[in-house]
Amino acid sequence: MAEILNINEEILRQKKSEVKQGLRKLSFYDKVRKLDAEDPDMLSKEELETVKALEDGLTAYSALHDKLSDHFDADVKGSQDLKDFVNIASLQVASSLIISKLEETAKNLDLTKARHSDKTFQFEIFQKSRAETLDYLTQLYSKAVDAKFDNSQNIIRDGTDLLSISKEIFETLNEKCQKRKEDYPGLVTKIRGLNFELFGKTVEPFTTIAKTVMDVPETTFEDIVGNTQLISMLKTLGDNILAYDPKTKKNPILDVFDFSTTILLYGDPGTGKTATLQAFLNYLQTKAGTYKKTVKHVNIGNDIKSKYFGDSVQNLKSKLEEATRGDSICVVTIEDIDAIFSAREELKDRPEEKAILQELMNILEGIASKKLGNFILIATSNRPANLDDALGERLKENQLEVTGPETAQDYTGLFQIKMKKGIKNSYVEVDGESWKKIGETCLSYKKDYQFSGRAIKNITKKLMTNASMFQKPEEIYTLSHEEAVEKLRKNKNLAKIDGNKILTEIEVYKNEGVKQEGRREMEKKKEMIEGIVQQIEYEKLITSLPGDYKTKTSEEVRISLTHLLKP
């Protein structure tokens, strides 16, 4: 299993402060601001992101240099070879981090027009100390931004040039580090499988690029009640893509079987679609660690939409490119897909949204024809009937209804999971017979009152909140964590929650639902009555018009009736 070395946040803050101080001494920030002639007091997006990438990269280099030095055994510490190797490895990781950050910013930029220097970067810094290396790199940047990089060419005109030359510098440095590692085979072996987590990235020395750390949710399959068929299917598909090798871009399972790459999960709100997906991501990332693999999670939401024509399609392409190009194992999720991608008949006056719907369908069509076995796309919907017909067809390769809790035992189990803190700390005290009655009551309300997992979550949240509403003893703010927990657990004002309290809240929730449903029905009836009134008024108007209106076109009628719109 890969070993991950975390670097203390305080150390990172200290190192970044040192990096910034070095850049300020060379007036680096002032020079960057002057690149934009239109507004010299503000940084453009390209300038800002490049500066942030540089700061994070140099900070990573400095922190990694110290961390790697401490990692080696005493038998090699102090040797010149080790000092040189630590410098090379730290520079490679730092440059990898910077390249990754710059590539994220450059996705929608055309860098082919940016000026590049013909000068070959020598980087005679591999045998320098950490301080000397930092000084060299900061001076290199200061000269570049000062448009005097090689004393003859003005290679930086704006933020795009700054980003481009930065990417070129660190790609060159990365390549040189990769070559120099071959001089230290024994030391390379000693750090194989070693990973560092920095600034939201996890990086393994002497890999090509930094990889985004998947934000692993706390939810596990143990927290899910019901949805057994869905859990089984997700585990199987997850195990399938874990067999993929990004280096060869092959999956041995695909040589023997075919498996689905798209899944549509549909069901009522609150049936556990999101929670089950979170548990799946947790399962997949945990299992990937066993095989020293990394899984990326790409979520597609309404944030892909832009007011600028063409940007939305590009945003969608950029997100899906992570999965379709085959460089990694990936899970793509699109929650409430019917709310993000409307049916085409609803998009007549929204060409930008129509374009992204068409792009998604094109990508799904391509996925169906070319399978690498490196990812799965999971879409969820509360209203699958609202999906565009063509989009729905492309997602029907594998679809499953998510039902949530299905039995009285399921409901009982869900209550116990949601109230496990109360059970553990002895303020939820419910006997076996009461638990059984709670489960049966919820099951009886499922069909008529939509008693889903969300209902149980809301009920238990209210009960647990009410239990905590008492005057807290003053000493808990000064005691140790363990002592404060014990003090709260044994507080005499802590209200107990028994079976009767839970059943009472179930009835309150059900009755409130009945009231809301009654209000919704009343609103529907009012809308229906208003529609009937409008139809009657319309028919009155039509019958009072001259007969020749029947032969006029719609536009002619509209023009001739404009007087009716006047106040």
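See above for the structure.
Worth saying up front: this structure is predicted, and the values here are computed from it rather than measured.

(A) Layout of the packing of helix H3 (residues 45–71) against helix H6 (residues 159–180). It is the contact of H3 with H6, at a shortest axis distance of 8 Å, that shows an interaxial angle of 30°. With respect to H6, the axis of H3 lies roughly parallel. Relative to H6, H3 is oriented so that their crossing is left-handed. Facing H3, whose interface residues are Glu46, Glu47, Thr50 and Leu54, H6 presents Gly159, Thr160, Leu162, Leu163, Ser166 and Phe170. Its residues assigned to classes, the contact of H3 with H6 comprises 4 nonpolar, 4 polar and 2 charged.

(B) Examining unusual backbone geometry more closely. In the Ramachandran plot, Asp336 falls in the positive-phi region, its phi being about 55° despite a non-glycine side chain. Summarising the element assignment, Asp336 is placed in the loop between strand E7 (329–334) and helix H11 (337–340). Phi is positive for Ser426, which is not a glycine, with a value near 65°. Since its relative accessible area comes to 39%, Ser426 is described here as partly exposed.

(C) Looking closely at the nonpolar core. Counting 49 residues, the largest nonpolar core has Phe28, Leu68, Phe72, Phe85 and Phe170 as the members making the most contacts within it. Residue contributions to this core peak at 12 residues, all from helix H4 (residues 80–105). Of all hydrophobic cores here, the second largest spans 29 residues; its members include Phe221, Ile231, Leu237 and Val402.

(D) The sheet that holds strand E8 (residues 375–381), seen in detail. Spatially, E6-E7-E8-E5-E9 is the arrangement adopted by the 5 strands of the open sheet, whose pairing is parallel. Each edge of the open sheet is held by one strand with a lone partner, namely strand E6 (295–299) and strand E9 (399–401). Ignoring strand direction, the axes of neighbouring strands in this sheet form an average angle of 20°. Judged from the 5 bridges that link them, strand E5 (residues 262–266) and E8 form a sheet pairing that is parallel.

(E) The arrangement of the packing of aromatic side chains in detail. Tallied over the entire structure, the rule returns 2 aromatic pairs. Ring geometry for Phe85 and Tyr184: centres 5.8 Å apart, planes at 55°, overall tilted. Highlighted residues: Phe85 in helix H4 and Tyr184 in the loop between H6 and helix H7 (185–190), separated in sequence by 99 residues. Like Phe85, the residue Tyr184 is buried in the burial classification. When the ring of Phe221 is compared with that of Tyr283, the centres are 5.7 Å apart and the planes differ by 50°; the resulting orientation is tilted. You can see Phe221 sitting in the loop between strand E4 (211–212) and helix H8 (228–241) and its partner Tyr283 sitting in helix H9 (residues 273–290), a full 62 residues away along the chain.

(F) The arrangement of the pattern of salt bridges in detail. Evaluation of the coordinates by the stated rule reveals 16 salt bridges. Residue Glu49 is joined to Lys52 by a salt bridge in which the shortest nitrogen-to-oxygen separation is 3.7 Å. Here Glu49 pairs with Lys52, and both are found in helix H3, just 3 residues apart, close to one helical turn. Residue class for Glu49 comes out partly exposed when judged on its relative accessible area of 25%. Residue Lys52 is classed as partly exposed on the basis of its relative accessible area of 38%. Residue Lys462 is joined to Glu505 by a salt bridge in which the shortest nitrogen-to-oxygen separation is 3.0 Å. Placement of the pair is Lys462 in helix H17 (residues 453–467) and Glu505 in helix H19 (residues 499–544), with a sequence separation of 43 residues. Members of the salt-bridge network, linked through shared partners, are Lys15, Asp66 and Arg130.

Criteria and thresholds
- Residues numbered from 1 in each chain as written.
- Predicted model: local features only at pLDDT ≥ 70, side-chain atom pairs only at ≥ 80, totals over all residues.
- Heavy atoms only, no water.
- Axes fitted to C-alpha atoms, helices over the stretch in contact; angles between N-to-C directions.
- Helix = DSSP H or I, 4+ residues; strand = E, 2+ residues; numbered from the N terminus.
- Parallel < 35°, antiparallel > 145°, perpendicular 65-115°, else oblique.
- Left-handed = near helix turned anticlockwise from the far one by under 90°.
- Contact = heavy atoms within 4.5 Å.
- Nonpolar A, V, L, I, M, F, W, Y, C, P; charged D, E, K, R; others polar.
- Buried < 20%, exposed > 50% of the residue type's maximum accessible area, 1.4 Å probe, protein only.
- Core = buried A, V, L, I, M, F, W, Y, C linked by side-chain atoms within 4.5 Å.
- Pairing = 2+ DSSP bridges.
- Phe/Tyr/Trp six-rings, centres within 6.5 Å; stacked < 30°, edge-to-face > 60°.
- Salt bridge = Lys/Arg side-chain N within 4 Å of Asp/Glu carboxyl O.

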